[in-house]
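Fold and geometry: a report
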Amino acid sequence: MSASSVICLLHFRPSMVVYVLYHADQVMKARYNYRIYPKYHQLQPLAKAMGCGRVVWNDALWLYKKAEIEKTDRPKNISSVVITQAKKTEARKWLSEVSSVVLQQSLRDLQTAWNNYFDSKKGKRKGKEVGKPKFKKKSSRQAIRFALNAFTVHSESVKLAKIGHVKMVVSRPLPSSPSSVTIIKDCAGRYFASFVVEVSQLIPPPSVPPNRGDAEGRGVGIDLGLTHFCILSTGEKVENPRLHKKMLKRIKKANRKLAKAKKDSKRRERRKRKLAKLHAKVKDQRTDFLHKLTTRLVRENQTLAVEDLNVAGLIKNRKLSRAISDAGWAKFKALLEAKCDKYGKDLIIVDRYYPSTQICSFCGKLGGKKELDVREWTCLYCNTVHDRDICAATNLLKYKDAGGQSESQNGRGASVSLPVAAVCDETSTNYEQFSLF
Ligand SMILES: [Zn+2]
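First, a word on what this report is: a plain description of the structure on this page. (Residues numbered from 1 in each chain as written. Predicted model: local features only at pLDDT ≥ 70, side-chain atom pairs only at ≥ 80, totals over all residues.)

Observations regarding the packing of helix 4 (residues 243-260) against helix 5 (residues 266-300)
Packing of helix 4 against helix 5 leaves a shortest axis separation of 9 Å and a crossing angle of 170°. Judged on the interaxial angle alone, helix 5 and helix 4 are roughly antiparallel. Note on element contacts: helix 5 touches helix 4 through Arg268, Arg271, Lys272, Lys274, Leu275, Leu278, Val282, Gln285 and Arg286, opposite Leu243, His244, Met247, Arg250, Ile251, Ala254, Asn255, Lys257 and Leu258. Taken together, the residues of the contact of helix 4 with helix 5 break down into eight nonpolar, three polar and seven charged. (Axes fitted to C-alpha atoms, helices over the stretch in contact; angles between N-to-C directions. Helix = DSSP H or I, 4+ residues; strand = E, 2+ residues; numbered from the N terminus. Parallel < 35°, antiparallel > 145°, perpendicular 65-115°, else oblique. Contact = placed C-beta atoms within 7 Å. Nonpolar A, V, L, I, M, F, W, Y, C, P; charged D, E, K, R; others polar.)

Describing helix 1 (residues 40-70)
Look at helix 1: 46 Å from first C-alpha to last across 31 residues, which is about the 45 Å you get at 1.5 Å a residue. Looking at helix 1, one finds that the buried residues are Leu46, Ala49, Met50, Cys52, Gly53, Val56, Trp57, Ala60, Leu61 and Tyr64. In this fold, the buried residues of helix 1 make contact with helix 2 (78-87), helix 3 (100-122), strand 4 (142-147) and strand 8 (180-185). Backbone geometry just downstream of helix 1 places lysine 71 in the positive-phi region, at approximately 55°. (Expected span 1.5 Å × (residues − 1). Buried ≥ 20, exposed ≤ 12 C-beta atoms within 10 Å, placed from the backbone.)

Describing the sheet that holds strand 13 (residues 303-307)
As summarised here, the arrangement of the five strands in space is 12-11-10-13-14, forming an open sheet in which the pairing is mixed. Two strands close off the open sheet at either side, each with one partner strand: strand 12 (237-239) and strand 14 (346-350). Each adjacent strand pair in this sheet contributes to an overall mean axis angle of 20°, direction not counted. Contacts from helix 9 (residues 388-397) reach strand 10 (219-224), strand 11 (228-232), strand 13 and strand 14, with the element oriented near 125° to strand 10. (Pairing = 2+ DSSP bridges.)

Here it is in structure tokens:
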């Protein structure tokens, strides 16, 4: 986990998402999302606020970019230029019709985004490179943020400045009072309220059902695949739901219809919404599946081992990219990491070059490389018959004992590659012979 802050997805129901931010000082911030249902007369003020927030963002970004190109200093009184002064002009006078908090927050968000981009460019910021902020479009997902003084939370609604009470489905109560709320309208036309709250203590770990008494202290190796979503070292094979594939026919049809609609027509808007809804449905179903699976795995085990797959690299393979994206491996790993952190479980990230399919999980000797269609093989040393995937999953769990580095919640860093010699004293000369099995 990086030192500053990492956002992890922790829980999702279509009406709710919880992200948890871990800071170096162990203060935990959680994000709670609820579905909200604005009334018909509230849609216009909401759209107006989102539009004004977007215009302020775009105006300020234009000034930033101009300053960057002309190599001048960033305009200092930007808030006065794009909000206060702009309100007095004919072209921007409608900015005064919405809550000024929304405009200020939009500007603040842009400043954060711009600073992150600059810090990342200069190498001051750890982690993945942050791109330059982009101009916001009317057609994409919209979001506005209200600071503390501009909203109040009630049991079944949230009151927003200049918009009023909006009905909210509270699937679970907020643990403490939120510091801000973001109102989101997604591409499928659904509205969400997203609150940031501080969580003072960790939620107690969920109980471990006594359904399995494996001798190795409740550990599980997880081998990810496409035929099955994953294969566990316990022998369980989790079905791959292939949600996108199931919806593909409908998505393709919606795409064709959209392509035929006239540009800028109402029909086109309608068809676009319909396509977005199909995609949103697939995403919700996948998230739901992944949450249920990861929660179960984390509840049942103290140690979890999973392969460090290079998902971004694998997706570049055109033949497999759709199947891999559909499976959601990257999200599975992110959820597993977040939940292991939350509940104090050990997560072993196994180096991607560890030959998990080649080692005999019983005697630890190295058999040769096996073709993908070899589903079962027999170890030449101990005559154990292995199911290829279950054997691989078992090896993942044994990775730490074999000399690999565990990446527990306190010491996550780059994976350390494991020399093959540490797990097997045989040389690779027998490869040809073994690949027969
Ligand atoms: Zn063996």
